[in-house]
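Spelled out from the first residue to the last, the chains are:
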Amino acid sequence: MKNSKYFLVTLSTAILSFVLLFIPISLLTAQTAQIEQAQWSAVMAGETLCDPVLHGEYIYTLSSDQALNCIDYTGSFVWRRNIERTIKPFLTVSHSGILIIADASRMLQAVSGQGIYLWSVQLPEPAIYAPYSTTDGRICVLTRSNLYCFSVKGKLKWQVKLSSPPARQLCETGAASLLLILTNKDFLTISLTGQVLNTKTLKKDIAVLSAAPGGYVMSTGDGILAYYRSETVSTGNRKTTAEAVAQHTTNAGQNGKTVGQEKVGAATDNGFAVWQAQEPVPLFIQNSGDELVCIYADGTVSGRDIASNKINWMAKLSSRIALPVYYSKTDGEYYIACKSIAAIISGTGTVKREQKIAASAFLPVITSSGILIAVDDWVINSWRLDTKIMQSNPQPEAPPQYHILKTQEKTQVLPFFVPYGDTGSLLSSIDEAITKGTLGTNEAAYALTLQTILTNNQKAAYFPYNFTIYERARAAELLGLLESLEYRTILLDEASKTSDPTLAVAIIRALGFIAADPDTSSIESIQLLLQRCGVRVYEPAYAACDALTEIAKYGDKQTAGSAVKALFTIAASAFPENIKQYARQKIKTIVE
């Protein structure tokens, strides 16, 4: 029996040696070079259920043991949070770092970037795509028959009934609207306040959509790449878009070859056509500032001027690219990954690094410090793709600029007026709409009214108003209850001007209602108002404790740390003992 076992092992070794003789050595060497040894690996307690998401230097995964996991770029576990049981889940992270989970059981859940369970909502039907987080913090969820929009705190803001199921994920434009394609070929334009602005029937299949300044870029299945915008005037040089790009033609690459003649300055069903050209259909397009990046299946990547479609640089990877694609731009370089490769391209189009990785069911991600992270069922692997110096305290990005109120200002025909001259009744009606959740498409109009009252800028109008400090304070609180980052900028501006305790309290409360503070400006404004009001006025301090607690709960690690530090400052200040004790209780609540 022992001899037979030895014979089988010997025979197997011989067969293996024989087979290896016929495999080219160069092939074996190439395979080894392409897939490098992982820098570190982490074994999870449960099998990964969906694509991981990245926020800053933290990666978040959802595992089969009903846990949401946070891991840093070194592979260390930061926290894990048990959530309600999920079935076929989607995981999304908002711009401010809030994690949103939707699944086939109709559950929508939110967890902060610090692992604090925030809220859950039961949807009437399951989500069919990952929740979409807009630039101003709204959370949009697509089901087969509806588009739902929630605030950052889980409040239903509006819903739109769909004539047929969605054909693809939402696309946000640069003009405060959403684009949605349905399976019956309907192409919807929906405002961020839930108004269906346009509905038309598509004659061509749309391959790719992406936001662009004042509009969007679209590529059809027959190879027409076009940039449409709803505005015809550039805010930079005050020229019409047609004047700005009329003399440009489409450049096919660095050799100057043209691939199609642009048609500019034309008003179409899609909007104002800045340019359009015939060229290969890209897999993925992404606009950043004045640059449009296009990624193609054959591994070609190009960067072009968004206003003219002139290609500034082009790179060619050695491998093909397949959807889904991970893309980010960090320090002027481009990080690109799909389920089999990852690459870094310099700002001039040079391929700095290209690395093959073992195929996985989940999309890899690349941190801002150049760490490639890929998930394969139970194991997370990491490679050093780029060498960057880690910042101990990275500067937050500036918040994006929003256009909801600008759009409302352009469409509002009648001059501002208070019905019957009763500001109290007007504010009460807005308060009632917010409380009952009946704002709907009136949100932008209400927000503009509240902004007008808060800023008190109708003193010199044809029908002048001079609002009292109490009316302005109530308008500030209501503006905060709309829970949008766009309205935060109005509150921050007023905070920089006032030292009145009544208005200060209202602004502080409003900043707490909005909660999201991506650049810590809310915390700084709260501290400024406390300093101006002094330690002899107690209401601003109580309001500050509440607001800072909300900001800490909904913020990422850096924001939460700043909020807790501000609470410690109150606890150690010259305020009376009851206020200091209140601040200490809030700190305890956050830590727990």
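Look up: the structure comes first, before these words.
Residues numbered from 1 in each chain as written. Predicted model: local features only at pLDDT ≥ 70, side-chain atom pairs only at ≥ 80, totals over all residues. Heavy atoms only, no water.

What about the overall build of the chain?
Put simply, the rule is: We count a stretch as a helix when DSSP gives it H or I for four or more residues in a row; a strand needs E for two or more, and each element gets its number in order from the N terminus. Using the Shrake-Rupley algorithm and a 1.4 Å probe, accessible areas are obtained, with residue cover drawn only from the displayed protein chains.
Looking only at helices and strands, the chain features 13 helices and 33 strands. Of the roughly 27,400 Å² that the chain leaves accessible, carbon and sulfur atoms contribute 54%.

A closer look at the packing of helix α9 (residues 501-514) against helix α10 (residues 521-533)
Condition: Here, axes are lines fitted to C-alpha atoms. For helices the fit covers the stretch in contact, and angles between N-to-C directions go from 0 to 180 degrees. These descriptions rest on fixed angle ranges, namely under 35 degrees for roughly parallel, over 145 for roughly antiparallel, 65 to 115 for roughly perpendicular, and the rest for oblique. By convention, the crossing between two helices is left-handed when the near helix turns anticlockwise from the far helix through less than a right angle, and right-handed when the turn is clockwise. Any two residues whose heavy atoms approach within 4.5 Å are treated as being in contact. For this classification, Asp, Glu, Lys and Arg are treated as charged, while Ala, Val, Leu, Ile, Met, Phe, Trp, Tyr, Cys and Pro are nonpolar and the rest, including Gly, are polar.
Here α9 crosses α10 at 160°, and the two axes come no closer than 10 Å. With respect to each other, α9 and α10 are oriented roughly antiparallel. Between α9 and α10 lies a crossing of left-handed hand. Along the contact surface, α9 presents P501, A504, I507, I508 and L511, while α10 presents S522, S525, I526, L529 and C533. Within the contact of α9 with α10, the residues separate by chemical class into eight nonpolar, two polar and no charged.

Observations concerning the sheet that holds strand β25 (residues 300-305)
Strand pairing within a sheet occurs via backbone hydrogen bonds; the two strands may be parallel or antiparallel. We count it as follows: Two strands are counted as paired when DSSP detects at least two bridges linking them.
Strand order in the open sheet formed by four strands is β23-β24-β25-β26, with antiparallel pairing between adjacent strands. One side of each edge strand has no neighbouring strand; the edge strands of this open sheet are β23 (284-288) and β26 (311-316). Ignoring strand direction, the axes of neighbouring strands in this sheet form an average angle of 15°. As defined by bridge partners, β25 adjoins β26 across five bridges and the pair is classed as antiparallel. Its bridge partner lying in β26, T300 is registered against K316.

Some points on the sheet that holds strand β31 (residues 365-366)
Ordered in space as β1-β33-β32-β31, the four strands form an open sheet in which the pairing is antiparallel. Of all the strands in the sheet, the pair left with one neighbour each is β1 (40-43) and β31. Of the pairings in the sheet, the one linking β31 to strand β32 (residues 371-376) comprises two bridges and is antiparallel in character. Looking at β32, one finds that V365 is bridged to I373.

Description of the side chain of S63
Here is the rule we go by: Partly exposed residues are those whose accessible area sits between 20% and 50% of the maximum for their type, while under 20% is buried and over 50% is exposed, using a 1.4 Å probe and protein chains only.
Tracing the backbone shows S63 in strand β3 (residues 58-63). The buried category is assigned to S63, whose relative accessible area is 1%. Those residues in contact with S63 that lie beyond four places of it in its chain are G46, E47, T48, L49 and N69.

Quick look at the packing of helix α5 (residues 423-436) against helix α7 (residues 469-481)
The contact between α5 and α7 brings their axes to 11 Å, and the two run at 15°. When the interaxial angle is binned, α5 and α7 end up roughly parallel. With respect to the hand of their crossing, α5 and α7 are arranged in left-handed fashion. Counting all contacts with α5, which are made through T423, G424, L427, S428, I430, D431 and I434, the residues of α7 involved are E471, R474, A475, L478 and L481. Here the residues of the contact of α5 with α7 are counted per class, giving six nonpolar, three polar and three charged.

Focus: the packing of aromatic side chains
Two numbers describe a pair of aromatic rings. These are the distance of the centres and the angle of the planes. The following threshold applies: Under the pairing criterion, centres of Phe, Tyr and Trp rings, with the six-membered ring standing for Trp, must be within 6.5 Å; the plane angle then separates stacked pairs below 30 degrees from edge-to-face pairs above 60, leaving the rest tilted.
Applying the stated criterion to the full structure yields nine aromatic pairs. A centroid spacing of 5.3 Å and a plane angle of 65° characterise the contact between Y542 and Y582, whose relative ring orientation is edge-to-face. Of the two residues, Y542 is situated in helix α11 (residues 539-554) and Y582 in helix α13 (residues 577-591); the sequence distance between them amounts to 40 residues. Overall, the relative accessible area of 25% leaves Y542 in the partly exposed class. Classification of Y582 as partly exposed rests on a relative accessible area of 23%.

Some words on helix α6 (residues 443-455)
Note: α-helices contain 3.6 residues per turn, so residues at a spacing of three or four share the same orientation. The line we're drawing: Expected span, for any helix, means 1.5 Å times one less than how many residues it has.
Under the 1.5 Å per step criterion, the end-to-end length of α6 is 18 Å for 13 residues, consistent within 8% with the ideal 18 Å. Burial within α6 is extensive, with ten of its 13 residues counted as buried. If you check which residues of α6 are buried, you get E443, A444, A447, L448, T449, L450, Q451, T452, I453 and L454. Where α6 terminates, the next one or two residues include N456, which has phi positive at roughly 55°.

Some remarks on the environment of A175
Looking at the element boundaries, A175 is found in the loop between β14 (171-172) and β15 (177-181). The exposure class of A175 is buried, given its relative accessible area of 19%. The sequence separation of A175 and S230 amounts to 55 residues, and the corresponding C-alpha distance is 7.1 Å.

Thoughts on the environment of E471
By secondary structure assignment, the location of E471 is in helix α7. Residues E471 and L450, 21 residues apart in the sequence, show an inter-C-alpha distance of 9.6 Å. Discounting chain neighbours no more than four positions away, the residues touching E471 are T423, L427 and I453.

Points about the nonpolar core
A general feature of soluble globular proteins is that nonpolar side chains tend to end up buried together. As a reminder, the rule being used: Remark: nonpolar core denotes a set of buried residues (Ala, Val, Leu, Ile, Met, Phe, Trp, Tyr, Cys) joined through side-chain atoms within 4.5 Å.
In this structure, L479, L491, I526 and I570 are the most contacted members of the largest nonpolar core, which totals 60 residues. When sequence neighbours within four positions are dropped, the list of residues in contact with I570 reads L530, A544, C545, L548, F575, I579, K580 and A583. The next biggest cluster of nonpolar side chains, apart from the first, holds 24 residues, and it includes W40, I357, F362 and V375.

Considering the pairing of β25
Within β25, five of the six residues are buried, which leaves the element mostly enclosed by the surrounding structure. Looking at chain direction, strand β24 (residues 291-295) and β25 are connected through five bridges and run antiparallel. If you follow V293 over to β25, its bridge partner there is G303. Once β24 ends, the chain turns through four residues before running back antiparallel as β25, passing G299 with a positive phi of about 95°. Counting the residues between successive antiparallel strands, the hairpin from β25 to β26 contains five residues, one of them, N309, with a positive phi of roughly 70°.

Let's talk about helix α8 (residues 485-495)
The buried fraction of α8 amounts to nine of the eleven residues, a majority that puts the element mostly inside the structure. All of the buried residues in α8 are L485, E486, Y487, R488, I490, L491, L492, E494 and A495.

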